[in-house]
Amino acid sequence: MNKPGAFRRAVVVGCLLLAAAASYWGWQRIQGGRSAGPGEASHAQPGGPAPKAGGARSASVPVTVATAQKTDFPVYLSGLGTVQGFNTVVVRSRVDGQIDQIAFKEGQMVQAGDLLAQIDPRPFQATLDQAKAKKAQDEANLANAKLDLSRSVRLGEFATKQQTDTQRSTVQQLTAQIEADEAAIANAQTQLDYATIRAPISGVTGLRQVDKGNIVNAASQTGIVTIAQIEPIAVIFTAPEERVFDINRALAAHPLQVIALSTDGKMTFAEDGTLAVVNNQVDSNSGTVRLKAVFANKNHALWPGLSVQTRLLVKTLKDVVVVPNDAVQHGSDGLYAYAVDADNKAELRKIVVGAANDLSTVIERGLEPGDRVVVGGQYKVKPGTPLAFKVADNETVPSAVAAGK
């Protein structure tokens, strides 16, 4: 027997057996690592760890919750408006002449009666002096005429009736002339006063339209300056026509508060506004009615021409259930919210909502005060899901200004 050949065959057979053993061992490892699927038996070895079937379903879902509160809920009606001066005056000259002085600065706050400009007064002063002199002359003639009349009366039968009547008529004419002189003096004085231009109202001045040395006249449509009254100040805004009845009914009961904010709603300009006027007709083209609110505006936050967002307090709902807006969910069967039950599991509640604002919503049916509702993480929640929750940072429902229902 050839020993070297037998040895080689033995080596080859051993290698093949080792390879088969290694393949079988690897196959067993793969099969043992597979997770048992539906209808499959687990390949875990006896005594090994149990498979984690359904472990993900038993884990709690992290969510954010808030508490439904019973509180008073203000219902605001939102709108867009424009600020305008409570009174706006274009100051014009009422006489012709040259401007000798400009007594204000652009953008200055002026009070009613403050000097704004001075027109050359000399022509008007001369006319006044002339009228006064004419009156003095006529008064002297009247005095002489009265003396002549007195003489004629004393002469009695020695003076003719015609002479007496003529003298009496002269006295009456001169008396009337003096009255005309007084009127001329008053007119001249008025023209002289018009040469001094004063602020007719208190407010802030705009850009100056004329300079010192310019000739102005009463017929010109170009004013000297515009004055806008900003304390108080007005805001003109609109409301939908379907809310006119509610607004008029509420206004008849008590003054209505108006709040003015920036157009993006992020900055509050004033909260002390009061609704002053509801326009006497609805605009049929836009379906809106114009409203006017008045603000004290002591801080001058409101400025003529500024666009603002307005909030009109129409009514306040008493003792209603309120939740954050994020708690309200929309489903195919209507609105619902997830409440947290006694076992800290999710409970689906169908709800009916009422008025709402930018932050919160009134719940008319479906939730009670004190109920904990999910306001964050609802996309992972199903009815009966265990919940691991944290309380929302701002759980208290604010009575913030916002749009009405």
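All of the points below concern the structure found in this document. Note that residues are indexed from 1 along each chain, following the sequence as it is written. Reporting of local features is limited, given that this is a predicted model, to residues whose pLDDT is at least 70; pairs of side-chain atoms are given and counted only at 80 or more, and all residues count toward the totals for whole chains, interfaces and linings. Hydrogen atoms and water are omitted, and side-chain values are computed over all heavy atoms in the structure.

## Observations regarding the side chain of Gln309
Moving on, step 1. Under the DSSP-based scheme used, a helix requires at least four consecutive residues in state H or I and a strand at least two consecutive residues in state E, with every element numbered from the N terminus. Locating Gln309 in the fold gives a position in strand β15 (residues 307-324).
Moving on, step 2. The definition of a polar contact used here is a pair of N or O atoms within 3.5 Å, where within protein one atom must be able to donate a hydrogen and the other to accept one, and adjacent residues in sequence count solely through side-chain atom pairs. Within polar-contact distance, the side chain of Gln309 engages the backbone oxygen of Thr263 at 3.1 Å.
Moving on, step 3. In this structure the side chain of Gln309 is engaged in a polar contact, spanning 2.4 Å, whose partner is the side chain of Arg311.
Moving on, step 4. Here, residues are in contact when the closest pair of their heavy atoms is within 4.5 Å. Apart from the residues lying within four places of it in its own chain, the contact partners of Gln309 are Ser78, Gly79, Leu80, Ile259, Ala260, Leu261, Ser262, Thr263, Asp264 and Gly265.

## Points about the pairing of strand β6 (residues 115-119)
Moving on, step 1. When a residue's accessible area, from a 1.4 Å probe over protein chains only, is under 20% of the maximum for its type it is buried; when over 50% it is exposed; and in between it is partly exposed. Across the 5 residues that make up β6, a large majority, 4, are buried.
Moving on, step 2. Strand direction decides the pairing type here: strand β4 (residues 97-102) and β6, joined by 3 bridges, are antiparallel. Across the sheet, the residue bridging to Ile99 is Ile119, located in β6.
Moving on, step 3. Strands are labelled as partners when DSSP assigns at least two bridges between them. When β6 meets strand β7 (residues 196-198), the two strands line up antiparallel, connected through 3 bridges. By the bridge assignment, Gln118 is partnered in β7 with Thr196.

## With respect to the sheet that holds β6
Moving on, step 1. The sheet built from 4 strands is open, its strands ordered β7-β6-β4-β9 with antiparallel pairing. Strands at the two margins of the open sheet, each flanked by one partner only, are β7 and β9 (215-216).

## Describing the packing of aromatic side chains
Moving on, step 1. Any Phe, Tyr or Trp ring, taking Trp's six-membered ring, that has another such ring centre within 6.5 Å forms a pair; planes under 30 degrees apart are called stacked, those over 60 apart edge-to-face, and the others tilted. By the definition in use, this model includes 1 aromatic pair.
Moving on, step 2. Ring plane angle 80° and centroid distance 5.6 Å describe the contact between Tyr336 and Tyr338, whose orientation is recorded as edge-to-face. The exposure classification of Tyr336 matches that of Tyr338, with both residues buried.
Moving on, step 3. The positively charged end of Lys292 is found above the aromatic ring belonging to Phe86, 5.3 Å away from the centroid. Charges are assigned to positions over rings by a cutoff of 6 Å between ring centre and Lys NZ or Arg CZ, combined with an angular limit of 35 degrees from the ring normal.

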